[in-house]
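Descriptive analysis of the structure
What follows is the residue order along each chain.
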Amino acid sequence: MPAISFTYSQTSADNSQYGSGVTFNTVSASEFAHFTPATLGLGDISRGGEYVQALAAFFDLEGFTDFCGQVDSHLVIPEFLTRYLNWLFKSLAGEFRESEQDGMVRLWGCLPFYAKFLGDGILFLWATDLCRGFPGKVNIAQSLLAITNAYVGEFLGDIRRAVSNPPARLRCGIALGQTISIGGGADYVGSCINVASRLQKLGSLSFAISRRGFDLSGSPDCEGSLRSYLTLKQTTIRSIGKQELVYIRRDEFEALSADEQKEFREP
């Protein structure tokens, strides 16, 4: 969303009505008239929305709030975000780049058609009709899992030499579903976006995929495959449902305490 900027001046109040020394912030009438939904940067929101079948992925930095609370955070947050966002987009591009020849880059599947920065989180949307079937969706999810691993295994070590107490993990939630565009593609809404957002906050886990429309039972179970890393569980997702089926990392589930494991039942 664009910044909302006004030019303020000070105007003295009527002494007889408000007493002596009272002033008001004042803006021009033309500036005041510009405070409308247009400030949201959503374009023409009256336009009919376009439905897009999508894979929604929500990345979130664990511990970002505490990171922002450190002394003189204004000196470290810009550098961290610059390095993090450059790393994230470069890593995603690398995951989907197959080769390059004659100025053309061949891709594994497709790149996301929409990205939105939300402070400590980033939403990505992929158009599933460009994924070349269900294997393409699995490839996207496996690439996103690799990104979360690379944050801990690669990026975290480098960024610790630049800033103190950086976010410890990159969490990711994934869900399939129907989205609808707003303002001709300036934004998107859909239940899968909400589910993906909830999944990245699922307990103390770092990676989760909604089972809805995402059946891994027929995909390869060989070493290194997405299915080999994940286990299917039933759990409660706040504001979504009490018996939701989700794939979570097997190693993270096994590392949970006995009480935490009770939140994830066998389907």
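Worth saying up front: this structure is predicted, and the values here are computed from it rather than measured. (Residues numbered from 1 in each chain as written. Predicted model: local features only at pLDDT ≥ 70, side-chain atom pairs only at ≥ 80, totals over all residues. Heavy atoms only, no water.)

**A look at the packing of helix H4 (residues 77-96) against helix H5 (residues 134-159)**
Interhelical geometry of H4 versus H5 gives an angle of 140° and a closest axis separation of 10 Å. In terms of orientation, H4 and H5 fall into the oblique class. Our pair here, H4 against H5, has a crossing hand that is right-handed. Where H4 abuts H5, its residues Phe80, Arg83, Tyr84, Trp87, Leu88, Ser91, Leu92, Glu95 and Phe96 lie against Ile140, Ser143, Leu144, Ala146, Ile147, Ala150, Tyr151, Glu154, Phe155 and Ile159. Considered class by class, the residues forming the contact of H4 with H5 number 14 nonpolar, two polar and three charged. (Axes fitted to C-alpha atoms, helices over the stretch in contact; angles between N-to-C directions. Helix = DSSP H or I, 4+ residues; strand = E, 2+ residues; numbered from the N terminus. Parallel < 35°, antiparallel > 145°, perpendicular 65-115°, else oblique. Left-handed = near helix turned anticlockwise from the far one by under 90°. Contact = heavy atoms within 4.5 Å. Nonpolar A, V, L, I, M, F, W, Y, C, P; charged D, E, K, R; others polar.)

**Some words on the pattern of salt bridges**
Counting across every chain of the model gives 14 salt bridges. With a shortest N-O distance of 2.8 Å, Arg169 and Glu62 are connected by a salt bridge. One end of the pair, Arg169, is in strand E8 (residues 169-182); the other, Glu62, is in strand E3 (residues 51-62), and 107 residues separate them in sequence. Residue Glu266 is joined to Lys233 by a salt bridge in which the shortest nitrogen-to-oxygen separation is 2.1 Å. (Salt bridge = Lys/Arg side-chain N within 4 Å of Asp/Glu carboxyl O.)

**Considerations on the environment of Leu75**
Here Leu75 is to be found in the loop between helix H3 (64-68) and H4. Considered as a pair, Leu75 and Val163 are 88 residues apart in the sequence and their alpha carbons are 9.3 Å apart.

**A short note on the environment of Ala115**
If you trace the backbone, Ala115 turns up in strand E6 (residues 114-117). Between the C-alpha atom of Ala115 and that of Phe58, which follows or precedes it by 57 residues, the distance is 9.8 Å. Excluding anything up to four places from it in sequence, Ala115 contacts Phe89, Leu123 and Phe124.

**Observations concerning the nonpolar core**
In this structure, Phe80, Tyr84, Leu88 and Leu144 are the most contacted members of the largest nonpolar core, which totals 43 residues. Element by element, the count of residues in this core is highest for H5, at 11 residues. Contacts of Tyr84, omitting those with residues within four sequence positions, involve Phe59, Leu61, Ile122, Tyr151, Phe155 and Leu170. (Core = buried A, V, L, I, M, F, W, Y, C linked by side-chain atoms within 4.5 Å. Buried < 20%, exposed > 50% of the residue type's maximum accessible area, 1.4 Å probe, protein only.)

Remember, this is a structural readout, not a statement about activity or role.
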